[in-house]
Amino acid sequence: MRTERSLVVLAALALALTAGCGGNSGNGGNGEKAPTTPETVTGSLEQIASKAECEPNIQTDADELRQGNCTTDDGKYVLVTFATDRGLREWINEAKDYGGSYLVGRKWVAVGDDKVVTALRGRLGGTVEAGSSHHSGGSGGGGGGDEGHSGHHTG
């Protein structure tokens, strides 16, 4: 179990880095049409990445999960495959605390910003799930929001 938690932390850090290093995505929605959703793909990390038009940079290669970072014309994201459905669900339940958008398939997840996840869904199918928002309400009114956590942008 400790190994799984360590892998969750590594993946969450990769997500934070990916979100923080993304290009200028603009406002989105300016005349963009919603992609049609294909049947959800299955397979190995490499097979799913190929369908997403990505050559994954493998970061974790463990029995429980495999993780690769991808960069495409749509942006950067993390693709993770799991040995079991339960492993996937446990990972997502913990990772959602870090925010982000999750495209979920059978024993795989792609993690990135909304624009990237929407584009991937048009190629991979799956279901979109949202992580916790770090900018919803709270006290103080938003000053100093860049301290130590600049990976999430709302506008």
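Just so it is clear, the structure is predicted and the values come from calculations on it, not from any experiment. (Residues numbered from 1 in each chain as written. Predicted model: local features only at pLDDT ≥ 70, side-chain atom pairs only at ≥ 80, totals over all residues. Heavy atoms only, no water.)

### Things to note about the sheet that holds strand 4 (residues 101-105)
Spatially, the six strands line up as an open sheet ordered 1-2-3-5-4-6, and their pairing is antiparallel. Only two strands of the sheet have a single partner each, and these edge strands are strand 1 (57-61) and strand 6 (127-130). Put simply, the sheet's adjacent strands are angled 20° from each other on average, direction ignored. (Pairing = 2+ DSSP bridges. Helix = DSSP H or I, 4+ residues; strand = E, 2+ residues; numbered from the N terminus. Axes fitted to C-alpha atoms, helices over the stretch in contact; angles between N-to-C directions.)

### Re helix 4 (residues 114-124)
Turning to helix 4, its buried residues number three or more, namely Val116, Val117, Leu120 and Leu124. One side of helix 4 holds all its buried residues, which, seen down the axis, span an arc of 95°. Summarising the contacts, the buried residues of helix 4 are in contact with helix 2 (45-51), strand 3 (75-82), strand 4, strand 5 (108-112) and strand 6. With its phi angle positive at about 75°, glycine 125 sits one or two positions after the end of helix 4. (Buried < 20%, exposed > 50% of the residue type's maximum accessible area, 1.4 Å probe, protein only. Arc of directions from axis to C-beta. Contact = heavy atoms within 4.5 Å.)

### Thoughts on the pattern of salt bridges
A side chain with one charge may pair with a side chain of the opposite charge, provided their charged atoms come close. For the coordinates displayed, the defined rule picks out seven salt bridges. In this structure, the salt-bridge partner of glutamate 46 is arginine 66, at a minimum N-O distance of 2.8 Å. Separated by 20 residues along the polypeptide, glutamate 46 in helix 2 and arginine 66 in strand 2 (residues 65-72) bring together distant segments of the chain. A salt bridge links aspartate 61 to arginine 66; the nearest nitrogen and oxygen atoms lie 2.9 Å apart. One continuous salt-bridge network, built from bridges that share partners, spans Glu46, Asp61 and Arg66. (Salt bridge = Lys/Arg side-chain N within 4 Å of Asp/Glu carboxyl O.)

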